[in-house]
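# Close look at the chain arrangement
Letter by letter, the chains look like this.
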Amino acid sequence: MHHQKIKIMGVSFDKVTLDQAYEKVLEFLGEDKTHIVVTPNSEIVMAAQDDKELLGILNEADMVVADGIGVVLASRFYGKPLPERVAGFDLMTKILEKAPEKGHTIFLLGGKPGIVLKAAEKMKNKYPGLKIAGFHHGYFDALEEKNILKEINSAEPDFLFVAMGAPKQEKWIYSNKDIINARVCMGVGGSLDVYAGITKRAPAVFRKLGLEWFYRLIKEPRRIRRMMALPRFAVRVLFFKE
């Protein structure tokens, strides 16, 4: 099943709904290789303008979904609308929901030591029968990294979720893609914090209106510097020609 792509400021996005993205992920499980799924929002697209390594990683990924209303609005402005926002958290949740009946296994990497454990426990409670093949926090050195990779490879998970924040998680996955023995690798940012109950997602009404960024800003005013990428992104969209 091939989907059309649309380029937004040099990043090729797959024109997929959440359900189509999940179907594509199932296809990846049937192929004997490691697949990378990335979920850039406008902040990451902006970061990729100055970071060619990141731009290359995004465009080499097996699937690129728009985790941000800014990207969806930009696609409409260019006259090639993406069907909807596909948040990485929502795709991860769909995978976790369906995993018990499908027998899929999960490995969680990232977050603080206590948080990844808490997230794993809460996931198991929420999705009875979920097989978590292993987990490890995101604070490790080069020596530990070798052992973590061994742990992942001996577990042979269907899904490796890496929560190190973007773009660090994407760069880590990409640099280890030839070593990792997992079918689908995906960066999931702060999702483990949400599962562990440390941070809350924006209420559905904010998400529907595309105002999740605004909710986060109210909750964490210190994010204002990161948020400045949004107006810069909007201006770039207006003047960017493919």
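Now for a quick tour of the structure. Quick caveat, the model's predicted, so the values are computed rather than measured. Every chain begins its residue count from 1, and numbering advances along the sequence as written. Given that this is a predicted model, residues contribute local features only at a pLDDT of at least 70 and side-chain atom pairs are listed and counted only at 80 or more, while totals for whole chains, interfaces and linings are drawn from all residues. Side-chain calculation: all heavy atoms of the structure are included, whereas hydrogens and water are not.

By convention in these notes, a salt bridge is any Lys or Arg side-chain nitrogen within 4 Å of a carboxyl oxygen on Asp or Glu. Counted according to the given criterion, the structure contains 13 salt bridges. In this structure, the salt-bridge partner of Arg183 is Asp32, at a minimum N-O distance of 3.4 Å. Of this pair, Arg183 sits in the loop between α8 (168–175) and β8 (184–187) while Asp32 sits in the loop between α1 (18–29) and β3 (35–38); the two residues are 151 residues apart in sequence, bridging distant segments of the chain. On the basis of relative accessibility, which here comes to 24%, the residue Arg183 falls in the partly exposed class. Judged by relative accessible area, which is 71%, Asp32 ranks as exposed. Residue Lys171 is joined to Asp51 by a salt bridge in which the shortest nitrogen-to-oxygen separation is 2.7 Å. In this pair, Lys171 is assigned in helix α8 and Asp51 in the loop between α2 (42–50) and α3 (52–60), connecting sequence segments 120 residues apart. For Lys171, a relative accessible area of 24% puts it in the partly exposed group. Under the scheme used here, helices are H or I runs from DSSP no shorter than 4 residues and strands are E runs no shorter than 2 residues, and both carry numbers assigned from the N terminus. Here's how the labels work: a residue is buried when its accessible area is under 20% of the maximum for its type, exposed when over 50%, partly exposed in between, all with a 1.4 Å probe on protein chains only.

Let us now look at the packing of α1 against helix α5 (residues 88–102). Following both chains from N to C, one finds α1 and α5 inclined at 50 degrees, their axes separated by 10 Å at the closest point. Comparing the axis directions of α1 and α5 gives the class oblique. The handedness of the crossing between α1 and α5 is right-handed. Contacts between α1 and α5 pair Leu18, Asp19, Ala21, Tyr22, Val25 and Leu26 from the former with Asp90, Leu91, Lys94, Ile95, Lys98 and Lys102 from the latter. Residue composition of the contact of α1 with α5, by class: seven nonpolar, no polar and five charged. An axis is simply a line fitted to the C-alpha atoms; with a helix, the fit covers only the stretch in contact. Between two such axes, the angle follows the N-to-C directions and lies from 0 to 180 degrees. Here is the rule for angles: anything less than 35 degrees is roughly parallel, anything more than 145 is roughly antiparallel, 65 through 115 is roughly perpendicular, and the remaining ranges are oblique. Note on convention: near helix rotated counterclockwise from far helix by under a right angle means a left-handed crossing. Clockwise means right-handed. Contacts are assigned to residue pairs that have any heavy atoms within 4.5 Å of one another. Gly falls in the polar group here, along with every residue not listed as nonpolar (Ala, Val, Leu, Ile, Met, Phe, Trp, Tyr, Cys, Pro) or charged (Asp, Glu, Lys, Arg).

Attention now goes to the packing of α3 against α8. In a pair of packed helices, the angle between the axes and the distance between the axes together describe the arrangement. The geometry of α3 relative to α8 is characterised by a closest axis approach of 10 Å and an angle of 65 degrees between their N-to-C directions. Compared by their axis directions, α3 and α8 come out roughly perpendicular. Judged by the twist between their axes, the crossing of α3 over α8 is left-handed. On α8, the residues that touch Glu53, Leu54, Ile57 and Glu60 of α3 are Glu170, Lys171 and Tyr174. Split by residue class, the contact of α3 with α8 holds three nonpolar, no polar and four charged.

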